[in-house]
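Read off the chains here:
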Amino acid sequence: MNDLIPLAQAHCTPRRGAEHRLTEARVRELLPQVPGWTLAEDGRALVKTFPFKDYYQTMAFVNALAYVAHREDHHPDLSVHYDRCVVRFSTHDVGGLSENDFICAAKTDALVP
Ligand SMILES: C[C@H](O)[C@H](O)[C@H]1CNC2=NC(N)=NC(=O)C2=N1
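Residues numbered from 1 in each chain as written. Predicted model: local features only at pLDDT ≥ 70, side-chain atom pairs only at ≥ 80, totals over all residues. Heavy atoms only, no water.

- For the protein chain, the name recorded in an unreviewed UniProt entry is Putative pterin-4-alpha-carbinolamine dehydratase, with Vulcaniibacterium thermophilum as its organism.
- Listed under Catalytic activity (unreviewed entry) in UniProt, the entry text for the protein chain is "(4aS,6R)-4a-hydroxy-L-erythro-5,6,7,8-tetrahydrobiopterin = (6R)-L-erythro-6,7-dihydrobiopterin + H2O".
- The UniProt entry for the protein chain carries the following comment under Sequence similarities (unreviewed entry): "Belongs to the pterin-4-alpha-carbinolamine dehydratase family." (UniProt positions renumbered as here; feature names shortened; annotations may be inferred.)

1. Focus: unusual backbone geometry
Glycine aside, a negative phi is what most residues show, and trans is what most peptide bonds show.
In step 1: Although it is not a glycine, Glu 41 sits at a positive phi angle of roughly 50°.
In step 2: By the element assignment, Glu 41 lies in the loop between strand 1 (38–40) and strand 2 (45–51).
In step 3: Glu 41 gets classed as partly exposed once you look at its relative accessible area, which sits at 44%.
In step 4: Residues other than glycine seldom take positive phi values, yet Asp 42 does so here, at roughly 55°.
In step 5: Locating Asp 42 in the fold gives a position in the loop between strand 1 and strand 2.
In step 6: A relative accessible area of 71% places Asp 42 in the exposed class. (Helix = DSSP H or I, 4+ residues; strand = E, 2+ residues; numbered from the N terminus. Buried < 20%, exposed > 50% of the residue type's maximum accessible area, 1.4 Å probe, protein only.)

Encoded structure:
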């Protein structure tokens, strides 16, 4: 992937197969570019909790994120609560993290002020 393009402006491409799974070194390089996201499941997923003031704001975020996921054809797992949403990105087609997860994490951050 071209690192000259900020992650939030890059687009997902189909990535299938273990060869698209990021190395630990690449994950360490990308992680600082998505502040607040943490590794989970032994480095196979990226997770962040987004807090909101009420259910309406939470659902507005969920709907905006669903639109991004549809546009990028890359889909998060969501845990939706009254005042927060826990977002988890992982690429099942590679069995771990791909560049698509970092691109979508950055695009998710761009949805909130
Ligand atoms: C064909 C299509 O591009 C793939 O099935 C996409 C769809 N959305 C996806 N979302 C996630 N999170 N992981 C994937 O591997 C994935 N694959």
